[in-house]
Amino acid sequence: MDPYSHYLPYNRGNPQVPKSAHSFHHLQEIFQRWDVHGTGVITRKRLTELLTAVAGKSVTEEEIERCIAEADKNKNGIIEYNEFIEWLQQPMGTVRMGSQGLEYFDLEACVRPLYDVYDQDGDGLVSMEEFIGCQTILQNSLGLKSKVSLEEQFKKEFGKEGTTSVPLLEDDAKRVFVQVDQDKSRSITFKEFLEWQREQLVAAKTPSKELEELLPALARQLKRVFKFEEEEEMNACDSRVLQRIVDNLAKFCVEIWSEKEGEKQKAKPMLALTGKARHYTNRWSEPPVGLNTKKLKAKYLATESCVVAGKIHENIDLDLMVIPELLEGEDENPRNRVWLAQILQKVAMKDGKVRSDDPVYYEFVSLSWNKTVDAVVKFHKSYDAMPPELRMFSLLKAECDFSSRLNWPQLQRVFNRCKSHGIVTAAQHTEYNQTMELRVTKALKEEDLLTGLSKEETEKKIEEPGFCWINHG
């Protein structure tokens, strides 16, 4: 008799078995691999071996005990087949089913970036002052302490009551600090912080796969807020950037800590109000030696363009974007990245219309740009995973051939391309130009270079070609 038939019969539509990516047979094979005696259970010893294999490292007794607590629902000291299946489907389970088999969820690695932001002075402990500072920022991002809270916005938008359902941020920060500080040392260790987060996240039932992106993303946004606090003064543009960061904080907080069960009907409309935060996983890295855009443009003009003699005329614009390929899997070494390019030729016709040719895609391999079949798929996958600011940055770097200096006409060309790609709006372009004009005017006045000039001469002086420096940071 099949020892598993008692726990999960074949072909009976058991709701515990995932119907999408992982079949019953696949799950049974995984279980049998660790149930070496065919008894239908996984012992503590086999569980230890399983965790070590999946995590790729030795596991502690504490981790083993936690996994047993997660999986062994009937408390008999062993993991039965149905318990194993349920365990793999727990949102916060230490082990989950991935596309390539079992995966280990390292909550400690996810929480560490957030703890490092709370630990503002980097001494390895979070003081009450540091804790309250971070909690207050997150609370304010949700509108819990602002004049117009998210609940009030929700009521105005939908005509009924709503809630953020984020218990972690709804209590007084000082009171929460006392609860998290288990050893009463008046500071929070990483272990205390981790257990606090674990408790909150288990209650929220946020899937572990999402947390691997959400928690580090939240930490990055919170860190950016502190950078703004270091600025002595902010202009209108800086204030709008800060507002967008705060809005992202609110979205991340709702997605991470809002209750997904029980309060689902309340949390869902609140997410509709705040919007779902987009998680971008493609990051910038230094391009390889030898990568440049001049050779790429020359190759394009020689092989793809209809331009006579390979020369770019004033009525022709080569909209070029160069980006790094999205790193996936275990290979996260930037040196192994393939760089990708998209060239879109635009020609201004005599009737004033602009003709856009089909884009052409290239890969930079072995110090040479090559047009490949896979380049188009790789490019769009990598582009979609890049945040808007890096998309613009890649256009800037391509325009200056990966140097760090652009003149004003070049910058305006990049802004026009950004508008065509939907990266910035016309209003944002205008706002940037106005801000820069004010800064240039202020600098020229401080240098006494506008004295005695007429209005027309002043405008001409302000519009004189200059350079701006671009860096990634």
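Note that the structure is a prediction, hence the values are computed from the model and not measured.

Novice: Describe the overall build of the chain, with residues and values.
Specialist: The number of helices and strands found in the chain is 19 helices and 13 strands. Per-residue burial for the chain yields a buried fraction of 42% across its 473 residues. Considering only contacts within the chain whose residues lie at least 6 apart along the sequence, 63% involve residues at least 24 apart. Only carbon and sulfur atoms are counted for the fraction: they give 51% of the accessible area of the chain, which is about 26,700 Å².

Novice: Which residues make up the UniProt feature "domain: EF-hand" (unreviewed entry) in the chain, and what values do they have?
Specialist: Those residues carrying the UniProt feature "domain: EF-hand" (unreviewed entry) are residues 22–57, 59–94, 106–141 and 168–203 in this numbering. Within the segment residues 59–94, helix and strand shares are 53% and 6% respectively, and the terminal C-alpha atoms sit 12 Å apart. Counted over residues 168–203, helix gives 69% and strand 6%. Its end C-alpha atoms are 10 Å apart.

Novice: If you had to explain the environment of Leu-215 to someone new, which residues and values would you point to?
Specialist: Summarising the element assignment, Leu-215 is placed in helix α11 (residues 208–229). Setting aside residues up to four positions removed in sequence, Leu-215 forms contacts with Leu-107, Cys-110, Val-111, Leu-114, Leu-201 and Ile-256.

Novice: So, the pairing of strand β10 (residues 360–365): which residues are in play, and what are the values?
Specialist: Most of β10 sits out of view: five of its six residues are buried. Strand direction decides the pairing type here: strand β8 (residues 339–348) and β10, joined by five bridges, are antiparallel. Residue pairing in the sheet places Leu-340 in a bridge with Glu-363 of β10. Here β10 runs beside strand β11 (residues 368–370); their pairing, made up of three bridges, is antiparallel. The residue of β11 that forms the bridge with Phe-364 is Trp-369. Counted between consecutive antiparallel strands, the loop separating β10 from β11 contains two residues, among which Ser-366 sits at a positive phi close to 55°.

Novice: Which residues make up a positive patch on the surface, and what are the values?
Specialist: There is a patch of like positive charges on the surface, built from Lys-223, Arg-224, Lys-227 and Arg-244. No other element matches α11, which puts three residues into the positive patch. Relative to the helices and strands, Lys-227 is located in helix α11. For Lys-227, a relative accessible area of 49% gives the class partly exposed.

Novice: Account for the packing of helix α5 (residues 107–118) against helix α10 (residues 190–204), naming residues and giving values.
Specialist: Taken N-terminus to C-terminus, the directions of α5 and α10 make an angle of 115°; their axes are 10 Å apart at the nearest point. You can see that α5 and α10 cross each other, and the crossing is right-handed. Taking contact as the criterion, the partners of Leu-107, Glu-108, Val-111, Arg-112, Leu-114, Tyr-115 and Tyr-118 in α5 are, on α10, Phe-190, Phe-193, Leu-194, Trp-196, Gln-197, Arg-198 and Leu-201. Across the contact of α5 with α10, the residue classes tally to 10 nonpolar, one polar and three charged.

Novice: Describe in detail the pattern of salt bridges, supporting the description with residues and values.
Specialist: A complete count under the given rule lists 18 salt bridges for this structure. The shortest N-O distance in the salt bridge between Arg-66 and Glu-195 comes to 3.8 Å. Of this pair, Arg-66 sits in helix α3 (residues 61–71) while Glu-195 sits in helix α10, and the two are 129 residues apart along the sequence. Counted as one network, the salt bridges with shared partners bring together Glu-62, Arg-66, Glu-195 and Arg-198.

Novice: How would you summarise α3 if you had to cite specific residues and measurements?
Specialist: Every buried residue of α3 is listed here: Glu-63, Ile-64, Arg-66, Cys-67, Ile-68, Glu-70 and Ala-71. Where α3 is buried, its residues touch α2 (44–55), β2 (79–80), α4 (81–88), β4 (101–104) and α10.

Novice: Give a detailed account of unusual backbone geometry, specifying residues and quantitative values.
Specialist: We note that Ser-366 has phi near 55°; this positive angle belongs to a residue other than glycine. Relative to the elements of secondary structure, Ser-366 occurs in the loop between β10 and β11. Even without being a glycine, Phe-402 presents a positive backbone phi close to 65°. Note on placement: Phe-402 falls in the loop between α16 (388–399) and β12 (405–407).

Novice: With reference to specific residues and values, describe the confidence of the model for the chain.
Specialist: When pLDDT is averaged along the chain, the result is 79, and 79% of the positions lie at 70 or above. Low pLDDT, under 50, characterises residues 1–22; the stretch is placed with 39 contacts to residues that sit more than four places away or in other chains. For the stretch residues 308–312, pLDDT sits under 50, and the model shows five contacts to residues farther than four places along the chain or on other chains.

Novice: Provide a residue-level description of the nonpolar core, including the pertinent values.
Specialist: One finds Tyr-118, Leu-222 and Trp-257 to be the most contacted residues of the largest nonpolar core, which totals 46 residues. Of all the elements in the fold, those that place two or more residues in this core are α5, α6 (128–141), α8 (167–170), α9 (173–180), α10, α11 and α12 (236–257). Here this core gets 10 residues from one element, more than from any other, and that element is α11. Residues Tyr-383, Met-392, Val-414 and Val-424 belong to the second largest nonpolar core, which totals 39 residues.

Novice: Describe the pairing of β4, and please don't skip the residues or the numbers.
Specialist: In the sheet, strand β3 (residues 95–98) pairs with β4 via four bridges, with the strands oriented antiparallel. In the strand pairing of β4, Val-95 is matched with Tyr-104.

Novice: Please provide a residue-by-residue account of the packing of aromatic side chains, values included.
Specialist: Within the structure shown, the criterion is met by 19 aromatic pairs. Aromatic pair Phe-31 and Phe-84: ring centres 5.2 Å apart, planes at 65°, arrangement edge-to-face. Remark: Phe-84 occurs in helix α4 and Phe-31 occurs in helix α1 (residues 24–34); sequence separation between them is 53 residues. Both residues of the pair, Phe-31 and Phe-84, belong to the buried class. Look at Trp-284 and Phe-393: their rings are 5.0 Å apart centre to centre, the planes differ by 85°, and that puts the pair in the edge-to-face class. Linking Trp-284 in the loop between α13 (264–274) and α14 (293–303) with Phe-393 in helix α16, this pair joins segments that are 109 residues apart in sequence. For Trp-284, a relative accessible area of 9% translates into the label buried. Feature note: the residues Tyr-115, Tyr-118, Phe-131, Phe-177, Phe-190, Phe-193 and Trp-196 constitute an aromatic cluster, connected by ring pairs. The aromatic ring of Phe-190 is capped on one face by Arg-112, whose charged end is 3.8 Å from the ring centroid.

Basis of the calculations
Residues numbered from 1 in each chain as written. Predicted model: local features only at pLDDT ≥ 70, side-chain atom pairs only at ≥ 80, totals over all residues. Heavy atoms only, no water. Helix = DSSP H or I, 4+ residues; strand = E, 2+ residues; numbered from the N terminus. Buried < 20%, exposed > 50% of the residue type's maximum accessible area, 1.4 Å probe, protein only. Contact = heavy atoms within 4.5 Å. Areas by Shrake-Rupley, 256 points an atom, 1.4 Å probe, with all protein chains shown as cover. UniProt positions renumbered as here; feature names shortened; annotations may be inferred. Pairing = 2+ DSSP bridges. Patch = residues over 30% accessible without salt bridge, like charges linked within 9 Å, V, L, I, M, F, W, Y side chains within 5 Å. Salt bridge = Lys/Arg side-chain N within 4 Å of Asp/Glu carboxyl O. Lys, Arg positive; Asp, Glu negative; His and termini not counted. Charge placed at Lys NZ, Arg CZ, Asp CG, Glu CD. Axes fitted to C-alpha atoms, helices over the stretch in contact; angles between N-to-C directions. Left-handed = near helix turned anticlockwise from the far one by under 90°. Nonpolar A, V, L, I, M, F, W, Y, C, P; charged D, E, K, R; others polar. pLDDT = per-residue confidence, 0-100. Core = buried A, V, L, I, M, F, W, Y, C linked by side-chain atoms within 4.5 Å. Phe/Tyr/Trp six-rings, centres within 6.5 Å; stacked < 30°, edge-to-face > 60°. Lys NZ or Arg CZ within 6 Å of the ring centre and 35° of its normal.

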